[in-house]
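Fold and contact review
Okay, here's what each chain looks like letter by letter:
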Amino acid sequence: MSATAHTPGLVDVHAHFVTDSYIRQARAAGHERPDGVPAWPGWSAGAHLELMDRSGIDTAVLSVSSPGVFFGDPVAARELAREVNEDGARIVREHPGRFGLFASLPLPDVDGALAEIAYAFDTLGADGVVLETNTHGVYLGDERLEPVFAELNRRGAVVFVHPTSPVCWEQSALGRPRPMVEFVFDTARAVTDLLFAGTLERCPDLKVVVPHCGGALPVLADRIGGFMKLFMPTGTAAPDAVAQLRGLYYDLAGPAFPRQVPALLSLARPERLLYGSDYCWTPAAAAQAHAASFDTEPAPVDGATWRSLTTANARALLPRLAR
């Protein structure tokens, strides 16, 4: 479908791209079946634009998905982050108004990440950054990453969190693709780590986007809050974990209806919800069906549709895309 004045075009904050070079380097590092998925997807700007036009998507913000850019060698990670960010920025330039970019960072290399933040924002004009939930077991609340979050907070950056396999996946995944269950819980694990580390309190200007309807967070929020109160140092007031979670943004990629969105709405405010397709890791037919559900499911705001609500939210969060 094409967008009209009555059906505004969606803004897709959870969209991915891959390049032949990136896949080649990931395979060389042992990611032949990424996260247990049988095969790497193909991607081209042309095919992506065709899907967007069929689904009424005005703009898609591109990012590199799991397994990210760090495969064990910090120097190679810096080079790969720069390569994919320049590739993404070129796609944005070649298709004005249709694509945005969340830049990759070579975490856990802090110096490399700080350098890439400066280049991504100041030279490439990135719309934000994508951070994997962990990098070889280094989670986002790790104190070593504090300079990275301080700089992102100084810039008031949009931080798109994307799940990846936990280091224990060989035992926990039970031989099944990790995106099915492990991604959902690693998202909750990473955000919980940010809460317990105090990162979200110290960095109030971050605009954090949590994927896949919040993963397991909607049903764990009260439990997390209770444990935070139990394990705070004596004499230290516990932060309100649920209030902090309500201050985050959530994309609706993956199965959203009929069960995930009602659970999420018990935690998140409607103005914090965003559309996501998860294309190209979600096949085109499934992505198109998901977009169509935003025109048929009832929205939680009177006079709005899921399409109009999430589009307005995304354009407020990412003002460059509104121009």
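Fair warning: this is a prediction, and the values are worked out from it, not measured in the lab. (Residues numbered from 1 in each chain as written. Predicted model: local features only at pLDDT ≥ 70, side-chain atom pairs only at ≥ 80, totals over all residues. Heavy atoms only, no water.)

**Some words on the overall build of the chain**
Counting its regular elements, the chain contains 13 helices and 10 strands. For 323 residues, the compact-globule estimate of 2.2 N^0.38 gives 20 Å, and the chain sits close to it at 19 Å. Projected onto its principal axes, the C-alpha coordinates of the chain cover approximately 60 × 50 × 40 Å. Here the chain holds 323 residues, and 54% of them are scored as buried. Within the chain, residue pairs in contact and separated by at least 24 positions form 77% of the contacts whose partners lie at least 6 positions apart. Only carbon and sulfur atoms are counted for the fraction: they give 55% of the accessible area of the chain, which is about 13800 Å². Between the centroid of the 27 positive side chains of the chain and the centroid of its 37 negative side chains there is a distance of 2 Å. (Helix = DSSP H or I, 4+ residues; strand = E, 2+ residues; numbered from the N terminus. Rg over C-alpha atoms; globule rule 2.2 N^0.38 Å. Buried < 20%, exposed > 50% of the residue type's maximum accessible area, 1.4 Å probe, protein only. Contact = heavy atoms within 4.5 Å. Areas by Shrake-Rupley, 256 points an atom, 1.4 Å probe, with all protein chains shown as cover. Lys, Arg positive; Asp, Glu negative; His and termini not counted. Charge placed at Lys NZ, Arg CZ, Asp CG, Glu CD.)

**Some thoughts on helix α4 (residues 110-122)**
Taking 1.5 Å per residue, 13 residues should reach 18 Å; α4 reaches 18 Å between its end C-alpha atoms and fits that length. Taken as a whole, α4 has its buried residues at Val110, Gly112, Ala113, Glu116, Ile117, Tyr119, Ala120 and Phe121. Where the residues of α4 are buried, they touch α3 (74-94), β3 (99-104), β4 (128-132) and α5 (146-154). A side-chain oxygen of the first residue of α4 lies 3.4 Å from the backbone nitrogen of aspartate 111; this N-cap is aspartate 109. (Expected span 1.5 Å × (residues − 1). Polar contact = N/O pair within 3.5 Å; in protein donor to acceptor, adjacent residues only side chain to side chain.)

**A short note on the pattern of salt bridges**
Evaluation of the coordinates by the stated rule reveals 16 salt bridges. Taking the shortest distance from any N to any O, the salt bridge between arginine 315 and aspartate 58 comes out at 3.3 Å. Residue arginine 315 is located in helix α13 (residues 306-317), and its partner aspartate 58 is located in strand β2 (residues 57-63); the two are separated by 257 residues in the primary sequence. Accessibility expressed as a relative area gives 30% for aspartate 58, which makes it partly exposed. In this structure, glutamate 151 engages arginine 155 in a salt bridge whose closest nitrogen and oxygen atoms are separated by 2.8 Å. Several salt bridges share partner residues, and in doing so they unite Asp122, Glu151, Arg154 and Arg155 into one network. (Salt bridge = Lys/Arg side-chain N within 4 Å of Asp/Glu carboxyl O.)

**A few points about the environment of alanine 81**
On the secondary structure map, alanine 81 appears in helix α3. The exposure class of alanine 81 is buried, given its relative accessible area of 0%. For the pair alanine 81 and proline 319, spaced 238 residues apart in the sequence, the C-alpha separation amounts to 25 Å. Ignoring any residue separated from it by four or fewer positions in sequence, one finds alanine 81 in contact with Val69, Ser104, Leu105, Pro106 and Glu116.

**Focus on a nonpolar patch on the surface**
Taken together, the side chains of Phe196, Phe227, Leu230 and Phe231 present a nonpolar region at the surface, about 460 Å² in accessible area. Tracing the backbone shows phenylalanine 227 in helix α9 (residues 217-230). (Patch = residues over 30% accessible without salt bridge, like charges linked within 9 Å, V, L, I, M, F, W, Y side chains within 5 Å.)

**Here's the deal with unusual backbone geometry**
What is expected of a backbone is that most residues other than glycine have negative phi and most peptide bonds are trans. For the bond running from serine 66 to proline 67, omega is 15°, close enough to zero to count as cis. Positionally, proline 67 belongs in the loop between β2 and α3. Following phenylalanine 257, the chain continues into proline 258 via a peptide bond in cis, with omega recorded as 10°. Within the fold, proline 258 resides in the loop between β9 (249-251) and α11 (260-265). Phi is positive for histidine 136, close to 50°, though the residue is something other than glycine. Mapped onto the elements, histidine 136 comes out in the loop between β5 (134-135) and β6 (138-139).

**Describing the packing of α3 against α4**
In the contact formed by α3 and α4, the axes pass within 10 Å of each other and the chain directions differ by 20°. Judged by the angle between their axes, α3 and α4 are roughly parallel. As for the relative orientation of α3 and α4, their crossing is right-handed in sense. Counted together, Arg78, Ala81, Arg82, Asn85 and Glu86 of α3 and Asp111, Gly112, Ala115, Glu116 and Tyr119 of α4 form the full contact between these two elements. In terms of residue class, the contact of α3 with α4 is built from three nonpolar, two polar and five charged. (Axes fitted to C-alpha atoms, helices over the stretch in contact; angles between N-to-C directions. Parallel < 35°, antiparallel > 145°, perpendicular 65-115°, else oblique. Left-handed = near helix turned anticlockwise from the far one by under 90°. Nonpolar A, V, L, I, M, F, W, Y, C, P; charged D, E, K, R; others polar.)

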